[in-house]
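Each chain is listed here by its residues.
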Amino acid sequence: MAAMAALPPGPLSPPGGGAADAAGPEGAEGLFVLLGAGLAAASHPLLYVKLLVQVGHEPLPPTIGRNVLGRKVLYLPGFFTYARHIVEVDGKRGLFRGLTPRLISSTLSTITRGSVKKAFPLEDMEHVSNKDDVKTSLRKVVRETSHEMMMQCVSRVVSHPLHVISMRCMVQFVGREVKYSGLVPHVLGDVIFLWCCNLLAHFINTYAVDDNFSQASVIRSYTKFVMGIAVSMLTYPFLLVGDLMAVNNCGLRAGLPPYAPAFSSWIHCWRYLSAQGQLFRGSSLLFRRAPIPASFPMD
């Protein structure tokens, strides 16, 4: 669940074309906008809870449980408990706070990617296979990934102000000023994600999947998606730092002490989280271990 929530919105798409191809470019773009809006609306409560966890807002006390070894541990509330608390305080509509600017941001990102793709078209790439020499196959992957990186970076820059507004709405305040807070770590995360995902998928498809295997094409169509889930966990700290910088020191209670110091830059934020061992804070919303105080009985 956490890995899927951390995936960038643009680089990955389900294998195959289907209805989108039959409807033509305009119909495909409209279909992707509608699908993106539906997915964003359905997953918004999850993102809302994740953001509150990321900024360190813990309104509920931890509960005592036991780990697999039978030892007592403290667990912070999971997603469902946290979401129930939001409903009790703010009503069911409260779970969708900040959804409107997020939908606009998602739509703007999809349209921007489509416009960039039309302005700078890339010819259809051949399927990379183990029949290609190393130089040829790498050239194909680098070319395709560079094109995806350009589309992702442009769409991120264009849609980021609305992303910041959405983040601030979810922490009870619409920003006094809209600036590109947290843009650099988000773009870096997108770029690293794209290159790692595409290169890993390339090497697996080229050297691990045999063309003589009857299901080779099916496996190749899902390799990038599976790699995306794995790589998204590695690039999660960039997402966390970007989200924290979007709400830090902007007049929000959640962006000020005691939740977080006023960071001078995203690197300062990264170093602070690293020193606290919290670079993956909020990456899991189901089983969240709480720090154990020295006085806590372990038996």
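Residues numbered from 1 in each chain as written. Predicted model: local features only at pLDDT ≥ 70, side-chain atom pairs only at ≥ 80, totals over all residues. Heavy atoms only, no water.

1. Overview of the state of the cysteines
Stage number 1. As enumerated under the stated definition, the model contains zero disulfides in all.
Stage number 2. You can see Cys196 has no disulfide; the closest cysteine sulfur is in Cys197, sitting 8.7 Å from it. (Disulfide = S-S within 2.5 Å.)

2. Looking at a nonpolar patch on the surface
Stage number 1. Together, Val218, Tyr222, Phe225 and Val226 make up a nonpolar patch on the protein surface, roughly 350 Å² of accessible area in all.
Stage number 2. Locating Tyr222 in the fold gives a position in helix H8 (residues 216–234).
Stage number 3. Judged by its relative accessible area of 45%, Tyr222 falls in the partly exposed class. (Patch = residues over 30% accessible without salt bridge, like charges linked within 9 Å, V, L, I, M, F, W, Y side chains within 5 Å. Areas by Shrake-Rupley, 256 points an atom, 1.4 Å probe, with all protein chains shown as cover. Salt bridge = Lys/Arg side-chain N within 4 Å of Asp/Glu carboxyl O. Helix = DSSP H or I, 4+ residues; strand = E, 2+ residues; numbered from the N terminus. Buried < 20%, exposed > 50% of the residue type's maximum accessible area, 1.4 Å probe, protein only.)

3. Some details on the packing of aromatic side chains
For any pair of aromatic rings, the description rests on two quantities: the centre-to-centre distance and the angle between the ring planes.
Stage number 1. Per the counting criterion, the structure on display carries six aromatic pairs.
Stage number 2. Between the aromatic rings of Tyr236 and Phe280, the centroid separation amounts to 6.4 Å while the plane-to-plane angle is 15°, which identifies the pairing as stacked. One end of the pair, Tyr236, is in helix H9 (residues 236–247); the other, Phe280, is in the loop between helix H10 (266–276) and strand E3 (288–289), with 44 residues separating them in the sequence.
Stage number 3. Residue classification places Phe280 among the partly exposed positions, given a relative accessible area of 43%.
Stage number 4. Here the aromatic residues Phe238, Trp266 and Trp270 are joined through ring pairs into a cluster of three or more. (Phe/Tyr/Trp six-rings, centres within 6.5 Å; stacked < 30°, edge-to-face > 60°.)

4. Considerations on the pairing of strand E2 (residues 72–76)
Stage number 1. In the sheet, strand E1 (residues 63–66) pairs with E2 via four bridges, with the strands oriented antiparallel. Paired with Ile64 across the strands is Leu74, a residue of E2.
Stage number 2. Linking E1 back to E2 in an antiparallel pair, the connection comprises five residues, with Gly70 at a positive phi of about 85°.
Stage number 3. Of the strand pairs in this sheet, E2 and E3 are connected by two bridges, and their pairing is antiparallel. (Pairing = 2+ DSSP bridges.)

5. Quick notes on the nonpolar core
Inside soluble globular proteins, nonpolar side chains tend to come together where they are buried.
Stage number 1. Counting 31 residues, the largest nonpolar core has Val49, Ile86, Met167, Cys269 and Leu273 as the members making the most contacts within it.
Stage number 2. Secondary structure elements with two or more residues in this core: helix H3 (24–54), helix H4 (79–90), helix H6 (134–170), H9 and H10. (Core = buried A, V, L, I, M, F, W, Y, C linked by side-chain atoms within 4.5 Å.)

6. Side note on the pattern of salt bridges
Stage number 1. Summed over all chains, the structure comprises three salt bridges.
Stage number 2. Among the salt bridges present, the one from Arg97 reaches Asp90, with a minimum N-O distance of 2.3 Å.
Stage number 3. Using a relative accessible area of 26% as the deciding quantity, one classes Arg97 as partly exposed.
Stage number 4. In this structure, the salt-bridge partner of Asp190 is Arg156, at a minimum N-O distance of 2.8 Å. Residue Asp190 is located in helix H7 (residues 183–207), and its partner Arg156 is located in helix H6; the two are separated by 34 residues in the primary sequence. Here Asp190 matches Arg156 in class, with each residue buried.

7. So, the confidence of the model for the protein
Stage number 1. The pLDDT averaged across the protein works out to 80; a share of 81% of its residues lies at or above 70.
Stage number 2. Across the protein, the element-wise mean pLDDT spans from 41 in helix H1 (residues 2–6) up to 92 in H10.
Stage number 3. Confidence over residues 9–22 falls short of pLDDT 50; this stretch has 19 contacts with residues more than four positions distant or in other chains. (pLDDT = per-residue confidence, 0-100. Contact = heavy atoms within 4.5 Å.)

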